Amino acid sequence: MEFQKESMETSAKNLVGVPRAGEERLRDDIEGNLRSGEWREGTKLPTERALSEAYSVSRAKVRRILNQFEREGRISRTVGSGTFVNKQSKSISEDIEAVSPQELMEVRLLIEPQLADLIVKRASISELAHLKELVELGKRATTMSDFEELDHRFHMALTVAAKNDYLALIMRRIQAVRESPEWISMRRRGLNSDRQKAYAAEHEEIVRALRARDADAARSAIVKHLSSVGQNVIQ
(Lines give C-alpha, C1' and ligand atoms only; values in the text may rest on other atoms or scores of the structure.)
Protein backbone atom coordinates (compact mmCIF):
# COMPACT_ATOMS: atom_id res chain seq x y z
CA MET A 1 0.00 0.00 0.00
CA GLU A 2 1.34 3.42 -0.88
CA PHE A 3 2.06 5.76 1.99
CA GLN A 4 -0.81 8.21 2.44
CA LYS A 5 0.92 11.04 4.20
CA GLU A 6 -2.09 13.35 4.13
CA SER A 7 -4.45 11.00 5.98
CA MET A 8 -1.91 10.19 8.69
CA GLU A 9 -0.94 13.83 9.15
CA THR A 10 -4.61 14.84 9.39
CA SER A 11 -5.23 12.40 12.22
CA ALA A 12 -2.44 14.06 14.17
CA LYS A 13 -3.75 17.58 13.63
CA ASN A 14 -7.15 16.69 15.04
CA LEU A 15 -5.70 16.67 18.56
CA VAL A 16 -5.90 19.73 20.78
CA GLY A 17 -3.10 22.24 21.19
CA VAL A 18 0.24 22.08 19.42
CA PRO A 19 1.02 19.16 17.09
CA ARG A 20 2.59 16.10 18.65
CA ALA A 21 6.32 15.59 18.31
CA GLY A 22 7.20 13.69 15.13
CA GLU A 23 8.41 10.58 16.92
CA GLU A 24 5.25 10.44 19.04
CA ARG A 25 3.01 10.99 16.01
CA LEU A 26 4.74 8.25 14.07
CA ARG A 27 4.40 5.72 16.88
CA ASP A 28 0.74 6.63 17.49
CA ASP A 29 -0.18 6.56 13.80
CA ILE A 30 1.38 3.15 13.22
CA GLU A 31 -0.38 1.83 16.33
CA GLY A 32 -3.67 3.31 15.17
CA ASN A 33 -3.43 1.88 11.67
CA LEU A 34 -2.59 -1.58 13.01
CA ARG A 35 -5.27 -1.60 15.68
CA SER A 36 -8.04 -0.22 13.45
CA GLY A 37 -7.32 -2.68 10.65
CA GLU A 38 -6.55 0.13 8.20
CA TRP A 39 -3.28 -1.72 7.57
CA ARG A 40 -4.26 -5.35 7.04
CA GLU A 41 -2.12 -8.47 7.03
CA GLY A 42 0.35 -8.29 4.15
CA THR A 43 0.19 -4.50 3.77
CA LYS A 44 3.57 -3.04 2.91
CA LEU A 45 4.54 -0.12 5.13
CA PRO A 46 6.19 3.05 3.83
CA THR A 47 9.97 2.99 3.64
CA GLU A 48 12.12 4.33 6.48
CA ARG A 49 13.06 7.24 4.24
CA ALA A 50 9.41 8.10 3.51
CA LEU A 51 8.48 7.97 7.19
CA SER A 52 11.53 9.99 8.16
CA GLU A 53 10.65 12.75 5.71
CA ALA A 54 6.92 12.77 6.49
CA TYR A 55 7.36 12.99 10.25
CA SER A 56 10.58 15.04 10.32
CA VAL A 57 12.46 12.50 12.45
CA SER A 58 15.78 10.78 11.84
CA ARG A 59 15.89 7.39 10.15
CA ALA A 60 17.50 6.03 13.32
CA LYS A 61 14.39 6.98 15.31
CA VAL A 62 12.13 5.51 12.63
CA ARG A 63 14.14 2.28 12.78
CA ARG A 64 13.88 2.18 16.57
CA ILE A 65 10.08 2.52 16.45
CA LEU A 66 9.72 -0.11 13.74
CA ASN A 67 11.97 -2.44 15.73
CA GLN A 68 9.60 -2.15 18.69
CA PHE A 69 6.61 -3.21 16.59
CA GLU A 70 8.66 -6.02 15.05
CA ARG A 71 9.63 -7.37 18.48
CA GLU A 72 5.93 -7.47 19.34
CA GLY A 73 5.36 -9.63 16.26
CA ARG A 74 3.04 -7.09 14.64
CA ILE A 75 5.20 -6.39 11.60
CA SER A 76 7.95 -8.25 9.75
CA ARG A 77 10.97 -6.70 8.09
CA THR A 78 12.90 -8.33 5.24
CA VAL A 79 16.07 -6.86 3.79
CA GLY A 80 15.50 -5.97 0.16
CA SER A 81 11.73 -6.47 0.34
CA GLY A 82 10.47 -4.05 2.95
CA THR A 83 8.28 -4.00 6.05
CA PHE A 84 4.95 -5.83 6.11
CA VAL A 85 2.01 -6.12 8.50
CA ASN A 86 1.55 -9.48 10.25
CA LYS A 87 -1.75 -10.96 11.32
CA GLN A 88 -2.73 -9.04 14.43
CA SER A 89 -3.31 -10.94 17.65
CA LYS A 90 -6.70 -10.80 19.36
CA SER A 91 -5.00 -10.71 22.75
CA ILE A 92 -5.82 -7.03 23.35
CA SER A 93 -9.54 -7.74 22.94
CA GLU A 94 -9.16 -10.63 25.35
CA ASP A 95 -7.49 -8.29 27.84
CA ILE A 96 -10.35 -5.80 27.61
CA GLU A 97 -12.87 -8.52 28.40
CA ALA A 98 -10.84 -10.23 31.13
CA VAL A 99 -9.18 -7.42 33.10
CA SER A 100 -11.09 -5.79 35.94
CA PRO A 101 -10.52 -2.12 36.90
CA GLN A 102 -8.95 -3.19 40.19
CA GLU A 103 -6.55 -5.58 38.48
CA LEU A 104 -5.46 -2.97 35.95
CA MET A 105 -4.83 -0.36 38.63
CA GLU A 106 -2.86 -2.86 40.72
CA VAL A 107 -0.60 -3.54 37.73
CA ARG A 108 -0.19 0.16 37.01
CA LEU A 109 0.78 0.82 40.63
CA LEU A 110 3.39 -1.92 40.43
CA ILE A 111 4.93 -0.66 37.18
CA GLU A 112 4.52 3.07 36.64
CA PRO A 113 6.07 4.41 39.87
CA GLN A 114 9.25 2.51 38.99
CA LEU A 115 9.57 4.56 35.81
CA ALA A 116 10.68 7.48 37.96
CA ASP A 117 14.23 6.19 38.49
CA LEU A 118 14.74 5.46 34.80
CA ILE A 119 13.32 8.81 33.68
CA VAL A 120 15.47 10.76 36.12
CA LYS A 121 18.58 8.96 34.82
CA ARG A 122 17.77 8.85 31.11
CA ALA A 123 15.28 11.53 30.05
CA SER A 124 16.58 14.31 27.82
CA ILE A 125 15.81 17.96 28.44
CA SER A 126 13.51 17.96 25.40
CA GLU A 127 11.57 14.93 26.70
CA LEU A 128 11.03 16.63 30.05
CA ALA A 129 9.97 19.80 28.24
CA HIS A 130 7.48 17.75 26.21
CA LEU A 131 5.99 16.34 29.43
CA LYS A 132 5.58 19.86 30.77
CA GLU A 133 3.92 20.90 27.50
CA LEU A 134 1.43 18.03 27.80
CA VAL A 135 0.61 19.12 31.36
CA GLU A 136 -0.09 22.67 30.21
CA LEU A 137 -2.30 21.43 27.38
CA GLY A 138 -4.18 19.24 29.86
CA LYS A 139 -4.83 22.20 32.12
CA ARG A 140 -6.35 24.06 29.15
CA ALA A 141 -8.42 21.16 27.80
CA THR A 142 -12.06 22.18 27.45
CA THR A 143 -13.63 18.75 26.90
CA MET A 144 -13.36 15.42 28.67
CA SER A 145 -12.32 13.67 25.46
CA ASP A 146 -9.49 16.17 24.87
CA PHE A 147 -8.27 15.72 28.44
CA GLU A 148 -8.39 11.92 28.16
CA GLU A 149 -6.36 12.02 24.94
CA LEU A 150 -3.75 14.21 26.62
CA ASP A 151 -3.77 11.93 29.67
CA HIS A 152 -2.95 8.95 27.44
CA ARG A 153 -0.20 10.92 25.72
CA PHE A 154 1.24 12.02 29.07
CA HIS A 155 1.54 8.51 30.47
CA MET A 156 3.03 7.15 27.24
CA ALA A 157 5.49 10.05 27.15
CA LEU A 158 6.64 9.00 30.62
CA THR A 159 7.29 5.52 29.26
CA VAL A 160 9.19 6.82 26.24
CA ALA A 161 11.37 8.99 28.49
CA ALA A 162 12.33 5.89 30.52
CA LYS A 163 13.96 4.44 27.37
CA ASN A 164 13.16 0.79 28.03
CA ASP A 165 11.61 -0.96 25.03
CA TYR A 166 10.12 -3.86 26.98
CA LEU A 167 8.45 -1.51 29.45
CA ALA A 168 7.11 0.44 26.47
CA LEU A 169 5.61 -2.77 25.10
CA ILE A 170 3.87 -3.48 28.42
CA MET A 171 2.61 0.08 28.75
CA ARG A 172 1.21 0.10 25.21
CA ARG A 173 -0.77 -3.01 26.12
CA ILE A 174 -2.11 -1.29 29.23
CA GLN A 175 -2.94 1.82 27.21
CA ALA A 176 -4.78 -0.26 24.61
CA VAL A 177 -7.10 -1.54 27.34
CA ARG A 178 -7.59 1.97 28.74
CA GLU A 179 -8.43 3.33 25.26
CA SER A 180 -11.12 0.75 24.49
CA PRO A 181 -14.70 2.09 24.25
CA GLU A 182 -15.76 -0.01 27.24
CA TRP A 183 -13.10 1.45 29.50
CA ILE A 184 -13.56 5.01 28.26
CA SER A 185 -17.27 4.80 29.06
CA MET A 186 -16.53 3.47 32.54
CA ARG A 187 -13.93 6.16 33.29
CA ARG A 188 -16.16 8.98 32.13
CA ARG A 189 -18.78 8.01 34.68
CA GLY A 190 -16.27 8.95 37.36
CA LEU A 191 -14.67 11.95 35.65
CA ASN A 192 -15.87 15.51 36.18
CA SER A 193 -14.32 18.97 35.95
CA ASP A 194 -13.06 18.93 39.55
CA ARG A 195 -11.32 15.60 39.07
CA GLN A 196 -9.93 16.76 35.75
CA LYS A 197 -8.32 19.72 37.52
CA ALA A 198 -7.02 17.43 40.26
CA TYR A 199 -5.48 15.01 37.76
CA ALA A 200 -3.85 17.90 35.87
CA ALA A 201 -2.36 19.17 39.13
CA GLU A 202 -1.05 15.69 39.92
CA HIS A 203 0.54 15.47 36.47
CA GLU A 204 2.19 18.81 37.14
CA GLU A 205 3.57 17.54 40.45
CA ILE A 206 5.06 14.49 38.70
CA VAL A 207 6.78 16.60 36.05
CA ARG A 208 8.08 19.09 38.61
CA ALA A 209 9.83 16.28 40.46
CA LEU A 210 11.22 14.75 37.27
CA ARG A 211 12.61 18.07 36.05
CA ALA A 212 14.31 18.44 39.43
CA ARG A 213 15.74 14.93 38.88
CA ASP A 214 14.20 13.86 42.19
CA ALA A 215 13.30 10.20 41.71
CA ASP A 216 11.83 9.72 45.19
CA ALA A 217 9.51 12.70 44.86
CA ALA A 218 8.49 11.65 41.34
CA ARG A 219 7.77 8.10 42.48
CA SER A 220 5.63 9.36 45.34
CA ALA A 221 3.77 11.72 43.02
CA ILE A 222 3.01 8.90 40.56
CA VAL A 223 1.73 6.68 43.39
CA LYS A 224 -0.45 9.52 44.65
CA HIS A 225 -1.88 10.13 41.18
CA LEU A 226 -2.59 6.48 40.39
CA SER A 227 -4.15 5.93 43.82
CA SER A 228 -6.48 8.85 43.14
CA VAL A 229 -7.38 7.51 39.70
CA GLY A 230 -7.93 4.03 41.12
CA GLN A 231 -10.34 5.27 43.79
CA ASN A 232 -12.41 7.10 41.19
CA VAL A 233 -12.48 4.26 38.67
CA ILE A 234 -13.16 1.41 41.10
CA GLN A 235 -15.76 3.16 43.20
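Residues numbered from 1 in each chain as written. Predicted model: local features only at pLDDT ≥ 70, side-chain atom pairs only at ≥ 80, totals over all residues. Heavy atoms only, no water.

Peer 1: What exactly am I supposed to notice about the overall build of the protein here?
Peer 2: A count of helical and extended segments in the protein gives 13 helices and two strands. Taken over 235 residues, the protein has a buried fraction of 46%. Excluding contacts between residues fewer than 6 apart, the proportion of contacts in the protein whose partners are at least 24 apart in sequence is 74%. (Helix = DSSP H or I, 4+ residues; strand = E, 2+ residues; numbered from the N terminus. Buried < 20%, exposed > 50% of the residue type's maximum accessible area, 1.4 Å probe, protein only. Contact = heavy atoms within 4.5 Å.)

Peer 1: Sorry if this is basic, but what is going on with the packing of aromatic side chains here?
Peer 2: What characterises a pair of aromatic rings is the spacing of the ring centres plus the angle enclosed by the ring planes. If you walk through the whole model with that rule in mind, you get zero aromatic pairs. Here the guanidinium or amino end of Arg172 rests over the ring plane of Phe69, the centre of that ring lying 5.2 Å away. (Phe/Tyr/Trp six-rings, centres within 6.5 Å; stacked < 30°, edge-to-face > 60°. Lys NZ or Arg CZ within 6 Å of the ring centre and 35° of its normal.)

Peer 1: Help me understand the pattern of salt bridges, please; the structure alone is not making it clear to me.
Peer 2: Side-chain pairs of opposite charge can arise where the charged atoms are in close proximity. Under the defined criterion, the tally for this structure stands at 16 salt bridges. For Glu23, the salt bridge identified is with Arg27, shortest N-O distance 3.6 Å. Separated by four residues within a single helix, Glu23 and Arg27 lie in helix α2 (residues 22–36), roughly one turn from each other. Neither residue differs from the other here; Glu23 and Arg27 are each classed as buried. (Salt bridge = Lys/Arg side-chain N within 4 Å of Asp/Glu carboxyl O.)

Peer 1: Which parts of the structure should I look at to understand the nonpolar core?
Peer 2: Soluble, globular proteins show a tendency: their nonpolar side chains are buried together. If you look at the biggest cluster of nonpolar residues, it comprises 42 residues, and the most contacted ones within it are Ile119, Leu131, Phe154, Leu158, Ile206 and Leu210. Within the residue set of this core, elements represented by two or more residues are α6 (101–111), α7 (115–122), α8 (125–140), α9 (144–162), α10 (165–178), α12 (193–211) and α13 (215–234). With eight residues, the single largest contributor to this core is α9. Discounting chain neighbours no more than four positions away, the residues touching Phe154 are Leu131, Leu134, Val135, His203, Ile206 and Val207. If you look at the next biggest cluster of nonpolar residues, it comprises 15 residues, including Leu45, Leu66, Ile75 and Val85. (Core = buried A, V, L, I, M, F, W, Y, C linked by side-chain atoms within 4.5 Å.)

Peer 1: In this structure, what is going on with the pairing of strand β2 (residues 82–85)? I would like to understand it.
Peer 2: Every regular strand shows the same layout, with side chains that alternate between the two sheet faces. Alternating positions in β2 separate cleanly, Thr83 and Val85 being buried on one face and Gly82 and Phe84 remaining unburied on the opposite face. Two elements, strand β1 (residues 75–78) and β2, share four bridges in a ladder whose sense is antiparallel. When the bridges of β2 are listed, Thr78 appears paired with Gly82. Taken together, β1 and the strand that follows it, β2, pair antiparallel across an intervening segment of three residues, in which Gly80 is found at a positive phi of about 90°. (Pairing = 2+ DSSP bridges.)

Peer 1: Can you walk me through the environment of Ile206 in this structure?
Peer 2: Structurally, Ile206 is set in helix α12. A relative accessible area of 1% places Ile206 in the buried class. Excluding residues within four positions of it along the chain, Ile206 makes contact with Phe154, Leu158, Ala218, Ala221, Ile222 and His225.

Peer 1: Explain α2 here, please?
Peer 2: For an α-helix, 3.6 residues make a turn, and residues three or four places apart therefore share a direction. A rise of 1.5 Å per residue sets the reference length of α2, with its 15 residues, at 21 Å; its end C-alpha atoms lie 21 Å apart and thus fit the reference within 8%. The element α2 is largely enclosed, with a buried count of 11 among its 15 residues. By the burial criterion, the buried members of α2 are Gly22, Glu23, Glu24, Arg25, Leu26, Arg27, Asp29, Ile30, Glu31, Asn33 and Leu34. Residue Gly37 follows α2 closely and has a positive phi angle near 90°. (Expected span 1.5 Å × (residues − 1).)

Peer 1: Where do I start with the packing of helix α3 (residues 48–55) against helix α4 (residues 59–71) in this structure?
Peer 2: Helix-helix packing is described using two parameters, namely the angle between the two axes and the distance between the axes. The contact between α3 and α4 brings their axes to 9 Å, and the two run at 115°. Taken together, α3 and α4 sit at an angle that is classed as roughly perpendicular. Where α3 crosses over α4, the handedness of that crossing is right-handed. Note on element contacts: α4 touches α3 through Arg59, Val62, Arg63 and Leu66, opposite Glu48, Arg49, Leu51 and Ser52. (Axes fitted to C-alpha atoms, helices over the stretch in contact; angles between N-to-C directions. Parallel < 35°, antiparallel > 145°, perpendicular 65-115°, else oblique. Left-handed = near helix turned anticlockwise from the far one by under 90°.)

Peer 1: Quick question: what am I supposed to make of unusual backbone geometry here?
Peer 2: Across the chain, the bulk of peptide bonds are trans and the bulk of non-glycine residues have phi less than zero. The phi angle at Ser56 is positive, at roughly 55°, despite the residue not being glycine. Tracing the chain through its elements places Ser56 in the loop between α3 and α4. Residue Ser56 is classed as exposed on the basis of its relative accessible area, which comes to 66%.

Peer 1: I'm lost on the packing of α8 against α12 in this one. Help?
Peer 2: Two elements in contact, α8 and α12, have axes whose closest approach is 9 Å; the angle formed by their N-to-C orientations is 165°. By the angle class used here, α8 and α12 are roughly antiparallel. The interaxial crossing formed by α8 with α12 has left-handed handedness. Seen from α8, the contacting residues are Leu128, Leu131, Lys132, Val135, Glu136, Gly138 and Lys139; seen from α12, they are Gln196, Ala200, His203, Glu204, Val207, Leu210 and Arg211. For the contact of α8 with α12, the residue count by class is six nonpolar, three polar and five charged. (Nonpolar A, V, L, I, M, F, W, Y, C, P; charged D, E, K, R; others polar.)

Note that every value here comes from positions in space, so none of it alone points to a role or purpose.
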